[in-house]
Amino acid sequence: MSAELKASVVVIVYKMARQARNTLVSLSPPYQRDVRPKDYEIIVVENSSDDPLGEGPTTAIADNIRYFRREESSRSPVDAVNFGIAQCRAPFIGLMIDGARMVTPRVMKYALYARRITENALVVVPGYHLGSELQHLATGHDQAAEQALLERIDWRQNGYRLFEIAVCSEGNTFGVFHPFMEANCVFFSRDAWRRIGGAPNGFDLPGGGAVNLYLYHRLAALSESEIFVLAGEGNFHQFHGGVTTSVTPVEERESLMVRQKDQLTQMLGRPFESPKREPTLLGAITSHGLPFLDQFVQYGRRRFDRFRRHKKPAWGDDPNPTE
Amino acid sequence: MDRIIRDPAVRGGEPAVRGTRVTVGDILRELARGSTVTQLLRVFPLLNKDDVAAALQYAAVTLDEPSGITGVTQSLSIIVIVYAMPEQAKRTLYSLSTAHQRGVTADDYEVLVVENASPRLLGQEAALRYDMKARYFLRSETDRSPVGAANFGVDQALAPNVALMIDGARMVTPGIVEWSLRGLNLVEDAVVAVPGYHLGSELQQRAVDRGYDEKAEAGLLRDIEWPSNGYRLFDVSCLSGSCRRGLLQPFAESNFLCTSKRLFHKVHGYDAKFGTAGGGYCNLDLYKRLCDRPETTIVVLPGEGTFHQYHAGVTTGGTRGDARERLMEDNHDEYASIRGHRYKLPTKRGILLGPVPRNAARFMSENQPASIEHKNMSNPPSPVRAIKQAR
């Protein structure tokens, strides 16, 4: 089997049974369109909690899922990430560090397309939050409200309707013509992962702190990386009381963000900046995703005009941008 | 030749038999060791006799190439049809050359210039002076349509894929060859479509009534310092009529239309029944037939473009006012009489591929106000009115 495997997708799960089930359904055939189950495997790594997904319910979702449960004492998913990636049998790896993010139906198809174009593909799926505002600001948004939204759009039939009930994540608020801060559904080569040295244990804050920003930053900084953005696809965060995505007292969240930022600076050896590498757009745009793309074009034009006024390159980290 | 492909993901892009990892070199080496074809088929059970024949033919053609570089062959043959447009064709050919194209080398593609004879000839010498592998063919065509020349060009193509430029007056952006090749390699039966633009702030068939001409166009190109950055063509252009709904909606045609030769022949190429001047809807017809086949995947390059230069083309400025209206109706009628129904846009959704330069992003939405950053048009000729107003 592994000889034919083209991609392994690692999903980290902790205390989010309902959300993870949706995520795994969205990653599986037949919801994922135009790919064969034997083209990829899904590696679920679950850290023990009082709301476990469990092996039986997980592997019942699809034949190409492998399940691993870990008794993890750390508050960080870093160990689970490194463990999960060590289980991957394909040379092309997808990572979803927060198992609460559902995806649209052609994420696998286009990620594999990018890999066909180059072994150095770094594929990013833009992130969204379910609901009408970012979840840590949304006082009326809870699991029941979200469930109702999901039922209303019958997402299993057409996952692109997730766009109808979502807003952009903070990591990519302005869309595909701005540098992404992080990637919550990201694909890269095993070789690239080896070269950045995996996820460092130093990210020991709850939820891993800013490890996700760190990983994307390091992967995007590899000179051979080519960034592909699946502009018509998305990953959609479900509410699950996550460390930074749920409402906590403002001061508490802010203090945590400061600690995260300090740790990130320390691990990178310098202050964080979103990688300014020019993205390659890949994929078809559905009518459901079109309003977001239209908005991204407007944001992008403003950004490009601003950079041009200041005579600065819009993609300053790119060795060979198109401008 | 269609059985032999070059895929960067297979054996480092060495020419190999489609659907296998067996290279042409593997086959030649086995035969050189004295194996018979029967023995060879035992060594490589995925192959059949036709594959072996295709590999030998491939090797023979490669040896015949002017460069004489064994084992290197182009992946794409670009066919440029030229008729009475020498100055425009020169810029088109320069834009296709390795001096302007990025991410590719001369080994990746060849350019076939097929010129239909006219009093305003480009000629072989001018056609072959650019940095690229090129061949020139002069045809004493009596037909008013480019269809014969285009089909002839495909017959001459050495590469397994062709890019059809039925109107040689269209300059291209610097990543068009690289991203077309990547698009062609994405899936079997890929059709790569590149959006079309007109130089100037409005379609040339309208601009010409306001005084747009070759001189005004030269001014635009000077303003953007072409060819120092080929992507700045987006700054001084508007979408062609065939793409006027923006890059996210189906196009009516592509003037850099890439397919495998196999697929081109499968749909029987350009249809010679399109006999009107300029070929009428022949290019729209071919594109539509390619789109309408269930097995094809349309790959759109949103960050690249072809840019029509003014050259008194049949429908792009050479015919004025009422006469043009009548001509367009004739083209429409010709299509209907050949196909038995009125022309309708293809409906297949394209897959976007490629980086989008900042100058091109505005064309992704339907509402495309001109660039507000094109500041050096201090003395613009009249057709750039819209650009000036937007500043």
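Because the structure is predicted, anything quoted here is derived from the model rather than measured.

Enquirer: Got a minute to help me understand the overall build of chain A in this structure?
Expert: Tallying secondary structure elements over chain A gives nine helices and twelve strands in all. The C-alpha atoms of chain A give a radius of gyration of 18 Å, which matches the 20 Å a tight globule of 323 residues would have. Taken along the three principal axes of its C-alpha coordinates, chain A extends 55 × 50 × 40 Å. Looking at chain A residue by residue over its 323 residues, the buried ones come to 61%. Looking at chain A alone, contacts between residues at least 24 apart form 80% of all its contacts between residues at least 6 apart. With an accessible surface of roughly 12900 Å², chain A has 49% of that area assigned to carbon and sulfur atoms. Distance from the positive charge centre (38 side chains) to the negative charge centre (38 side chains) of chain A: 5 Å.

Enquirer: What's the story with the interface of chain A and chain B in this structure? I'm lost.
Expert: By a widespread convention, an interface's size corresponds to the accessible area lost as its parts come together. Each partner contributes residues to the interface: chain A has 35 residues there, and chain B has 33 residues. Summing both sides of the interface, chain A and chain B together bury roughly 3100 Å²; the carbon and sulfur share of this comes to 55%. Salt-bridge contacts for Arg308(A) lead to Asp235(B); the nearest nitrogen and oxygen are separated by 3.5 Å. Our count for the chain A to chain B interface comes out at six residue pairs in polar contact (both at pLDDT 80 or more). Contributions of two or more residues to the side of chain A that touches chain B are made by α4 (107-117), β12 (280-283) and α9 (290-309) of chain A. Considering every element that reaches the side of chain A that touches chain B, the biggest residue donor is α9(A), with eleven residues. Its residues assigned to classes, the side of chain A that touches chain B comprises 16 nonpolar, seven polar and twelve charged. Note: β12(A) against strand β14 (residues 351-355) of chain B, four bridges, orientation antiparallel. Bridged to Thr280(A) within β14(B) is Pro355(B).

Enquirer: Sorry, what's going on with the packing of aromatic side chains here?
Expert: Aromatic ring pairs are described here by two measures, namely the spacing of the ring centres and the angle between the planes. Residue and element names in this part refer to chain A. Tallying each qualifying case throughout the model produces 30 aromatic pairs over all chains. With 5.8 Å between their ring centres and 45° between their planes, phenylalanine 163 and phenylalanine 292 make a pair best called tilted. Linking phenylalanine 163 in the loop between α5 (143-153) and β8 (166-168) with phenylalanine 292 in helix α9, this pair joins segments that are 129 residues apart in sequence. Like phenylalanine 163, the residue phenylalanine 292 is buried in the burial classification. Centroid distance phenylalanine 188 to tryptophan 193: 5.3 Å. Interplanar angle 15°. Geometry classified as stacked. Across the pair, tryptophan 193 and phenylalanine 188 agree in class, each one buried. Ring-pair connections join several aromatic residues into one group, and the members of that group are Tyr128, Phe163, Phe236, Phe292 and Phe296. The ring of tryptophan 315 carries arginine 303 above its face, with NZ or CZ at 4.7 Å from the centroid.

Enquirer: Just checking my understanding: could you explain the pattern of salt bridges for this structure?
Expert: Two side chains carrying opposite charge are able to pair once their charged atoms lie near each other. Residues and elements named next belong to chain A. Tallied over the full model, the rule gives 37 salt bridges over all chains. A salt bridge links glutamate 170 to arginine 253, with the nearest nitrogen and oxygen atoms 3.6 Å apart. Of this pair, glutamate 170 sits in the loop between β8 and β9 (186-189) while arginine 253 sits in helix α8 (residues 250-268), and the two are 83 residues apart along the sequence. The class for arginine 253 is buried, based on a relative accessible area of 14%. Aspartate 191 is the salt-bridge partner of arginine 195, the closest N and O atoms lying 2.2 Å from each other. In this pair, arginine 195 and aspartate 191 are both assigned in helix α6 (residues 190-196), four residues apart and thus about one turn of the helix distant. By relative accessible area, which is 32% here, aspartate 191 ends up partly exposed.

Enquirer: So what exactly am I meant to see when it comes to the environment of Asn185(B) here?
Expert: Residue and element names in this part refer to chain B. Considering the arrangement of structural elements, one finds asparagine 185 in helix α7 (residues 176-186). Classification of asparagine 185 by relative accessible area gives partly exposed; the value is 25%. Spatially, the C-alpha atoms of asparagine 185 and threonine 98 are 21 Å apart, while their sequence positions differ by 87 residues.

Enquirer: Is there a simple way to think about the confidence of the model for chain B in this case?
Expert: For any part of a model where pLDDT is low, the fine detail of the predicted coordinates should not be relied upon. Residues and elements named next belong to chain B. The predicted model of chain B averages 86 in pLDDT, with 87% of residues at 70 or higher. Note on residues 66-72: pLDDT is under 50 here. Beyond four places in sequence and across chains, it has twelve contacts. Predicted confidence is poor over residues 369-391, with pLDDT under 50, and the contacts of this stretch with residues over four places away or in other chains come to 51 contacts. Model confidence for the complex is summarised by a pTM of 0.84, with the ipTM given as 0.92.

Definitions and limits used
Per chain, the residues get numbers from 1 upward, laid out in the order the sequence is written. Just so you know, chain letters begin at A and ligand numbers begin at 1, following the order they were written in. Where local features are concerned, this predicted model is filtered to residues with pLDDT of at least 70; where side-chain atom pairs are given and counted, the filter is 80 or more; whole-chain, interface and lining totals use all residues. To obtain the side-chain values, all non-hydrogen atoms of the structure were included, while hydrogens and water were left out. Counting from the N terminus, the helices are the DSSP runs of H or I reaching at least four residues and the strands are the DSSP runs of E reaching at least two. As defined in this context, the radius of gyration uses C-alpha atoms, and a globule is described by 2.2 Å times the residue total to the power 0.38. In this scheme, a residue with accessible area under 20% of its type's maximum is buried, one over 50% is exposed, and one in between is partly exposed, where area comes from a 1.4 Å probe on protein chains only. By definition in these notes, contact holds between two residues if any of their heavy atoms fall within 4.5 Å. For the area figures, the Shrake-Rupley method with a 1.4 Å probe applies, and any residue is considered shielded solely by the protein chains shown. The convention is simple: Lys and Arg are positive, Asp and Glu are negative, and His and the chain ends are not counted. Working definition for charges: the position is that of NZ of Lys, CZ of Arg, CG of Asp or CD of Glu. In this description, buried area is defined as the sum, over both parts, of the accessible area (probe of 1.4 Å) that is lost when the two are combined. In the sections that follow, a salt bridge refers to a side-chain nitrogen of Lys or Arg positioned within 4 Å of a carboxyl oxygen of Asp or Glu. By the criterion applied in these results, polar contacts are pairs of N or O atoms within 3.5 Å in which, for protein atoms, one can donate a hydrogen and the other can accept it, and in which residues neighboring in sequence qualify only through two side-chain atoms. Gly falls in the polar group here, along with every residue not listed as nonpolar (Ala, Val, Leu, Ile, Met, Phe, Trp, Tyr, Cys, Pro) or charged (Asp, Glu, Lys, Arg). Two strands are counted as paired when DSSP detects at least two bridges linking them. Stacked, edge-to-face and tilted labels apply to pairs of Phe, Tyr and Trp rings (six-membered ring for Trp) whose centres lie within 6.5 Å, assigned for plane angles under 30 degrees, over 60, and everything in between, in that order. In this scheme, Lys NZ or Arg CZ marks a charge over a ring once it lies within 6 Å of the ring centre and within 35 degrees of the ring normal. Each residue carries a pLDDT score, the predictor's own confidence in it, on a scale running from 0 to 100.

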